[in-house]
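What the coordinates show
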Amino acid sequence: MARPQICRSLLFQQPNINVYLSRHLQTTSLHAKGHRSNHTPLAPTLISNSSLPLTIYQQARSLQDESFYTHNLTLEKLPGRNSTPYKRRKKADSNFTDIMVVKLSSGAGGEGNVSFLRESGRAKGPPDGGDGGDGGSVYVQPIEGETSLHKIRKRVVAESGRGGSSSQMNGRNGNDIIIKVPVGTHITLSPDYALERESPPPGEGWIHLSGFKEYNIEREFFKDLKKRKVLDDRAQERIERIQDSFPPDGIDLARPGPPVLLLKGGRGGLGNQHFHTTDIRNPRFATKGRPGLSGVFRFELKLLANLGLVGLPNAGKSTLLRAISNARPRIGHWQFTTLTPSVGTISLDVATADKTFTVADIPGIIAGASLNRGMGTDFLRHIERAGGLVFVIGLDSEDPISDLRVLMAELGPERMDGKRILVVATKADLPHTKVKYDRLVEFTKQRSWRTIPVCAIRKSKDIEILIRVMAETAGILR
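It should be emphasised that the depicted structure is a prediction, and the values quoted were computed from it without experimental measurement.

Turning our attention to the pairing of strand E10 (residues 185-189). Bridge count between E10 and strand E12 (residues 251-253): 3 bridges; the pairing is antiparallel. Within the sheet, the bridge partner assigned to His 186 lies in E12 and is Asp 252. When E10 meets strand E15 (residues 294-301), the two strands line up antiparallel, connected through 5 bridges. Counterpart to His 186 in the pairing with E15 is Glu 300.

Structure, rendered in structure tokens:
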């Protein structure tokens, strides 16, 4: 009997048909990109989560001869959907974070051990309790390639040191934590929380063998030890105050480098082997480890770029950045298309590979942004480190000079002081823009600013000229 052909449309048009997953055919695994069919699926229990790796669904129909005929449904080839699921796209767009408030804690030191050597023929040998391990410290390291703080956890606690054990074995030190941050991160201590260790009073912090606490306290040698421990604890507190000091202006991680210590872990306690003297034959006590250090820090990212693009909403900043660099910012015909800063790298057509510079695109600024209107001025920190500013003015505006005045007023003289400034007039291909451009040039010449017209969409020769001029503004070319 010849096997009839089962077309795709027949399977979709008959949703009540008995469809089985063939047990006799080997399935092939592939990674679906999240496409969905416009038809009612035949096996909805199999298509439960399109974001996971799926298989080619081998759907079979039982005919009179009880033979199986399969229909391969590949989710990658179904039309009508974006390749990235909506939830994943939304999460990717919201990953950028430039301010984080993080509570950090270093590890406490481990406790010293109280034990005695055990040998055959000896009821109790000399003390052999080991020291506790030091607590883990918290470091921060600036690295290249990171552009956001969203990977940092809001609560970071380093590992405490392990307690000592018998046979003079010291406890293991706690593992240090290294927080990797983007280059350009500025770390300050929260003014509402002071760095402090919850240390016991000097002379305290003892560990007694079970049942011997009162016995030890009454002994004269133990009272002398407490007086000596008071001096030792005060000396350790002075050392900790030096280690725990944090700069009032914070730490500026402006370039890649080795890890920087933020919080030092606590010192481990002493085992009873340290207290064995001619007067103390069987020390049944040890000391606790020093506590860790806790504090609340503010991580603030200031992107490092040679130039900063500043303009009103929908002035063409993202289109311009997309045309001149490798960045792919979001572009649309509505205000506030750019919601997060982005940095593009521009390479010049020269033999040397170091002739590159970076440009930061921040969300659009409107009149009253300093009063927290629109997107506010929260993102202006990303152009504070820039060596130059590029004002992007759209010639489709009724008054480009008025737009430039708004940007100058919102930035303020402090952010513009000492910076090289370039004015880029976008959308120069539109009709009736020549008069607006001439007036803009006259306005900028009074401030010794250079002005250049471009059309970023067409990517004409003026884009190459603009790149050279921007390189000069960034100080790359002379």
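On to the nonpolar core. For soluble globular proteins, nonpolar side chains are generally found buried alongside one another. Formed by 25 residues in total, the largest nonpolar core has its most connected members in Phe 357, Leu 466 and Met 470. Contributing elements (two or more residues each) for this core: strand E16 (307-311), helix H5 (317-324), strand E18 (356-361), strand E19 (388-394), strand E20 (420-426) and helix H8 (461-473). Beyond its immediate chain neighbours, meaning those up to four positions away, Met 470 contacts Leu 307, Ile 324, Phe 357, Val 359, Val 390 and Leu 422. Counting 24 residues, the second-largest nonpolar core is a separate cluster that includes Leu 380, Tyr 437, Leu 440 and Trp 449.

Note on placement: Asp 403 falls in helix H6 (residues 400-416). Buried charge Asp 403 goes without a salt bridge, the closest partner of opposite sign being Lys 436 at 8.6 Å. One polar contact links Asp 403 to Ser 397, side chain to side chain, over a distance of 2.6 Å. With residues near it in sequence (within four places) discarded, Asp 403 still touches Leu 312, Ile 393 and Ser 397.

Spatially, 5 strands are ordered E8-E6-E15-E10-E12 in an open sheet, and the strand pairing comes out mixed. The strands lining the two open edges of the sheet, one partner per strand, are strand E8 (155-157) and E12. Strand-to-strand twist of the sheet, defined as the mean angle between neighbouring strand axes without regard to direction, takes the value 25°.

All right, on to the confidence of the model for the protein chain then. In the predicted model, the protein chain carries a mean pLDDT of 75, and the fraction of residues at 70 or more is 71%. Strand E14 (residues 285-287) holds the highest mean pLDDT among the elements of the protein chain, 96, whereas strand E1 (residues 20-21) holds the lowest, 34. The low-confidence segment residues 86-93 (pLDDT under 50) makes 4 contacts with residues lying over four places distant or belonging to another chain.

Next up on the list: helix H7 (residues 434-445). Helix length check: H7, at 12 residues, gives a terminal C-alpha distance of 17 Å against a target of 16 Å (1.5 Å per residue), a fit within 8%. Taken as a whole, H7 has its buried residues at Tyr 437, Leu 440, Val 441, Phe 443 and Thr 444. Considered in projection along H7, the buried side chains sweep an arc of 160° and stay on one side of the axis. More than 90 degrees from the buried face of H7, the exposed residues found are Val 435, Arg 439, Glu 442 and Lys 445.

The rules behind these values
Residues numbered from 1 in each chain as written. Predicted model: local features only at pLDDT ≥ 70, side-chain atom pairs only at ≥ 80, totals over all residues. Heavy atoms only, no water. Pairing = 2+ DSSP bridges. Helix = DSSP H or I, 4+ residues; strand = E, 2+ residues; numbered from the N terminus. Core = buried A, V, L, I, M, F, W, Y, C linked by side-chain atoms within 4.5 Å. Buried < 20%, exposed > 50% of the residue type's maximum accessible area, 1.4 Å probe, protein only. Contact = heavy atoms within 4.5 Å. Lys, Arg positive; Asp, Glu negative; His and termini not counted. Salt bridge = Lys/Arg side-chain N within 4 Å of Asp/Glu carboxyl O. Polar contact = N/O pair within 3.5 Å; in protein donor to acceptor, adjacent residues only side chain to side chain. Axes fitted to C-alpha atoms, helices over the stretch in contact; angles between N-to-C directions. pLDDT = per-residue confidence, 0-100. Expected span 1.5 Å × (residues − 1). Arc of directions from axis to C-beta.

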